[in-house]
Amino acid sequence: MKYTAAHWGSYQFEVGDTELTPLSGDPAPSRIGRGWVSAARNSNARVMSPVARKGWLNGDKGAGRCDDSFVEIGWDHALDLAASELDRVRQTYGNAAIFGGSYGWSSAGRFHHAQSQMRRLLALAGGFTSSRETYSHATAEVLFPHIIGLSNRAFQDQMTAMPLVTQHCDIVLAFGGISARTAQITAAGTSTHEVGPWIDALKDSGVRVVTIAPERGEARDDWMAIRPGTDSALILALIHEILRLGREDRKFLETYTSGWAELERYVRGQSDGTPKTPEWAAAICDLDATIITTLAAELARKNVMVSMAWGMQRADHGEQPIWAGLALACVLGQIGQPGTGYAFGYGSTTPVGRAAKLIPWPSLPGVQNAVPDFIPVARIADALLNPGAPYVYNGETRHYPDLRLVWWTGGNPFHHHQDLFRLERAWCRPETVIVNEHSWTATARRADLVLPATTPLERDDIMMNRRDPTLLYMSAMFEPLGKARDDHTIFVGVAERLGLQEAFTEGRDTDGWLRHIWAQSQEVAQAHGFALPDFETFRNTGRFDLPDAVEERIAFKRFVGAPDAHKLATESGKITLFNETIAAMGLPDCPGHPAWLAPVEGAHLKPGEFHLISGQPATRLHSQNDMGREAQAAKRQGREVCALHPEAAATLGVRDGDLIKLTSPRGACLCAAELRDDLRADCLSLPTGAWFDPQTINGETIDVHGNPNVLTIDQGCSSLSQGNIAHTCVVRAEKWDGPVPAMRVTRPPTIET
Ligand SMILES: Nc1nc2c(c(=O)[nH]1)N[C@H]1C(S)=C(S)[C@@H](COP(=O)(O)OP(=O)(O)OC[C@H]3O[C@@H](n4cnc5c(=O)[nH]c(N)nc54)[C@H](O)[C@@H]3O)O[C@H]1N2
Ligand SMILES: Nc1nc2c(c(=O)[nH]1)N[C@H]1C(S)=C(S)[C@@H](COP(=O)(O)OP(=O)(O)OC[C@H]3O[C@@H](n4cnc5c(=O)[nH]c(N)nc54)[C@H](O)[C@@H]3O)O[C@H]1N2
Ligand SMILES: [Mo]
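Quantities reported herein were computed from a predicted structural model and do not represent experimental measurements.

How each quantity is defined
- Residues numbered from 1 in each chain as written.
- Chains lettered and ligands numbered in written order.
- Predicted model: local features only at pLDDT ≥ 70, side-chain atom pairs only at ≥ 80, totals over all residues.
- Heavy atoms only, no water.
- Helix = DSSP H or I, 4+ residues; strand = E, 2+ residues; numbered from the N terminus.
- Expected span 1.5 Å × (residues − 1).
- Buried < 20%, exposed > 50% of the residue type's maximum accessible area, 1.4 Å probe, protein only.
- Core = buried A, V, L, I, M, F, W, Y, C linked by side-chain atoms within 4.5 Å.
- Contact = heavy atoms within 4.5 Å.
- Near = heavy atom within 4 Å.
- Polar contact = N/O pair within 3.5 Å; in protein donor to acceptor, adjacent residues only side chain to side chain.
- Areas by Shrake-Rupley, 256 points an atom, 1.4 Å probe, with all protein chains shown as cover.
- Domains from an automatic or database assignment.
- Buried area = accessible area lost by both parts, 1.4 Å probe.
- Salt bridge = Lys/Arg side-chain N within 4 Å of Asp/Glu carboxyl O.
- Nonpolar A, V, L, I, M, F, W, Y, C, P; charged D, E, K, R; others polar.
- Axes fitted to C-alpha atoms, helices over the stretch in contact; angles between N-to-C directions.
- Parallel < 35°, antiparallel > 145°, perpendicular 65-115°, else oblique.
- Left-handed = near helix turned anticlockwise from the far one by under 90°.

1. A short note on helix 3 (residues 75-93)
Then, number 1: The end-to-end C-alpha separation of helix 3 is 27 Å, in line with the 27 Å expected for 19 residues at 1.5 Å each.
Then, number 2: Among all positions of helix 3, only Trp 75, Ala 78, Leu 79, Leu 81, Ala 82, Ala 83, Glu 85, Leu 86 and Val 89 are buried.
Then, number 3: Of the residues one or two after helix 3, Gly 94 is the one with positive phi, at around 90°.

2. As for the nonpolar core
Then, number 1: Ranked by internal contacts, the top residues of the largest apolar core, which has 161 residues, are Phe 155, Leu 234, Ile 335, Tyr 342, Tyr 346, Phe 556 and Leu 662.
Then, number 2: When residues in this core are grouped by element, the largest group, ten residues, is from helix 14 (residues 319-332).
Then, number 3: Tyr 346 has contacts with Met 159, Thr 160, Met 162, Val 165, Gly 177, Ile 178, Trp 198, Met 305, Ser 307, Val 352 and Gly 353, leaving out every residue within four places of it along the chain.
Then, number 4: In this structure, Ile 73, Ile 98, Leu 121 and Ala 495 belong to the second largest nonpolar core, which totals 32 residues.

3. Things to note about the site of ligand 1
Then, number 1: Neighbouring residues of ligand 1: 35 residues in total, closest His 416, Glu 437, Asp 487, Ser 623 and Asn 709.
Then, number 2: One of the backbone nitrogen or oxygen atoms of Asn 412 is found 2.9 Å away from an oxygen atom of ligand 1.
Then, number 3: Measuring from an oxygen atom of ligand 1, one finds a side-chain N or O atom of Glu 437 at 2.4 Å.
Then, number 4: In isolation ligand 1 offers 910 Å² of accessible surface; the protein chains occlude 99% of this area.
Then, number 5: Broken down by secondary-structure element, the contributors of at least two residues to the shell around ligand 1 are helix 16 (413-416) and strand 18 (432-437).

4. Section: the domain arrangement of the protein
Accessible area lost when the parts come together is the quantity often used to give the size of an interface.
Then, number 1: By domain assignment, the protein separates into domain 1 (2-134 + 361-545), domain 2 (160-352 + 562-585) and domain 3 (609-743).
Then, number 2: When domain 1 packs against domain 2, close to 1500 Å² is buried across both sides, 57% of that on carbon and sulfur atoms.
Then, number 3: Where domain 1 touches domain 2, the interface holds zero salt bridges.
Then, number 4: When the residues that make up the side of domain 1 that touches domain 2 are grouped by side-chain class, the tally is eleven nonpolar, ten polar and four charged.

5. Structural notes on the packing of helix 5 (residues 138-147) against helix 14
Then, number 1: Interaxial distance between helix 5 and helix 14 falls to 10 Å at its minimum, and their mutual angle equals 40°. Considered as vectors, helix 5 and helix 14 are oriented oblique to each other. Pair helix 5 / helix 14 crosses with right-handed handedness. Each of Thr 139, Ala 140, Leu 143, Phe 144 and Ile 147 in helix 5 lies in contact with helix 14, whose residues at this interface are Glu 319, Ile 322, Trp 323 and Leu 326.
Then, number 2: Looking at side-chain class alone, the contact of helix 5 with helix 14 contains seven nonpolar, one polar and one charged residues.

6. What about the site of ligand 2?
Then, number 1: Around ligand 2 sit 30 residues, and of these Gly 229, Asp 231, Gly 311, Pro 617 and His 622 come closest.
Then, number 2: A distance of 3.5 Å is found between a nitrogen atom of ligand 2 and a backbone nitrogen or oxygen belonging to Gly 176.
Then, number 3: Within the side chain of Gln 184, an N or O atom sits 3.2 Å from a nitrogen atom of ligand 2.
Then, number 4: Burial of ligand 2 by the protein chains amounts to 97% of its free accessible area of 920 Å².
Then, number 5: The residue makeup of the shell around ligand 2, split by class, is 13 nonpolar, twelve polar and five charged.
Then, number 6: Counting residues domain by domain, the shell around ligand 2 receives three or more from each of domain 2 (160-352 + 562-585) and domain 3 (609-743).

Written as structure tokens, this is what we have:
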């Protein structure tokens, strides 16, 4: 038996197999995995050899970058070009002109992590401008250290274990829902999928899950169909109502929080003249005020977990709902107790709240980056368009770097970034763009030099995840397609040309690195009281299951047990409900306590407008595997499917399966309508990840495939965190009777040999 792994799960196969079997013991293998092999072995979708953009070879510095053809070149030529460009840019402009931020999910596997390989090389070559935070939860990453004194990662690591919620909780207040759709995924790989079974267990145990979201999702109990972007108003009203009932936990607030007095004045309307009553919130959230009062009364009597999906903060003023939710949990006073309190990210990926021991496994050793410059990750287009321009981030005024060389590895900005037509304009600014990719993504199509990478199915690696009970030796299942090389091998080639080979490889080949990582893992295991087999045994058996891997954590347990001995690393040592540091920043878009702030668009829809929700796709990981069987089978007329309510369809004259055109001030796309009554009638839901395919029809350039990011807004959620605001977006929709263009993304670009 051989094994391999991806972010969507782990698999087994026999030598010679051409399909994968989910790892034995996984109770709910992902749907995404069914499309993996067909995507990875699709030679139309794969980059088969190194190519350079014709215009760039002829001296064009970027103007033609988004619409050019390619020339096939040999590996030696490609690596010479890459190394000499890197050298030219660092000599001419300094290393800060090199952007190595390269955000993206890349692949699972400890060693062949594309960005780690690239950053190691770029750091050895003198450094690079990096990026901070993620598209997933940038807002929380910046906010949490201020308000709970923990990094988002540290908070994830101590999230209250799911089984404790099943045992001890009465009501899970699930903002954004809890979804087995998103829980198909775990960064760095997973051996099991337990969130679907957990949702069943909650139901069987009589735990009520109240889903608060514009879409019903997998909600089985109550569904409060809130207007998008208004959760903080609802939460403030719940607090107001609990105060009115006199049921707030004063002792908890005094002992464990600071700044409650200010927040209370705001909730009561003493500081701004607006009491945050259920009636006030009802109008904002489009909910019935009596439902809010009833819910508040129940919360005050029951064991409650306030659970927030990550998507909550991927919105304008995204700090507010997650901070307000924390405040609500403090008012209820159940933080630090088993199964209740506050959680961020249950279901957003599998391991959040997994009852598993944490083992800090090693990875590829990094190298100190000598360049201190960075950008908040979602400000990439701003940086490219406005070098030197000032912006505010987490209390600092900073300036965008002057980026001349962009090297992207293991990510797809022409999937993940907002306002893709703006990104196209920005993308023409740098002098050179190099992309390592295994597939002809929209980003690869917009590069000057494309270096074809292998997929994990074509190389050996190790799957070990700090929150997973199983370690796998990942064996190659296929030979590399075409001339693809591992990212490591690609960067060895660049390192050789820059005289950095010894420093980059430390004298090891791939097998040597895997052995090195394993030897370090053996030490880590030893320190945790168990032994790992030797490397050969591990490689031969392929699988190691940790002994005694279960551990049920409770978030904030130590702090609540002894608040003086275990002060939080915040300004007050407590949870901050009014934060002096944030208040002193004087930010118009993020005050010192959680507040209701209307989003940049969508507070009031005009006739014909819809909120666009663009959550994670059920059939793939972002844009990965979009050209595989599972994602393709779910398309209609070859387009991505957009859910709309039958009432909305009736006003638009649209029937199930019709093509529709969505338009915003940023752009337009085509997609196929699917009539569903499980979302609000003023919302459309178009998942992310359809490969961006802009074509000009009747003089207008539109994406013909259904990528929501041609519609979304490229703006920071506040000057505190500068996180992306993908979920704040208003669009118009109309039935499409125009020509139905053939998709270009299903064929490779024009390549001359
Ligand atoms: N509208 C909207 N937009 C969003 C979101 C949203 O909710 N709404 N969500 C955002 C979120 S949370 C995220 S995390 C981002 C995700 O954005 P990305 O992480 O950029 O999306 P992926 O499609 O996973 O991109 C990974 C790329 O790495 C490539 N790759 C995989 N393995 C390898 C390898 O071994 N070597 C190399 N060189 N390349 C490899 C894949 O082919 C793929 O193109 O999207 C964000 N964008
Ligand atoms: N299948 C699959 N799973 C994935 C991924 C994938 O690409 N495919 N990507 C992974 C990644 S990188 C991430 S970061 C996570 C993200 O995980 P999440 O952020 O949890 O997922 P989303 O689908 O973006 O949004 C979650 C929910 O938020 C709701 N929502 C949207 N706007 C609002 C609002 O204003 N208020 C409320 N209350 N709800 C709202 C949506 O209806 C949706 O059901 O998913 C991971 N899991
Ligand atoms: Mo994400």
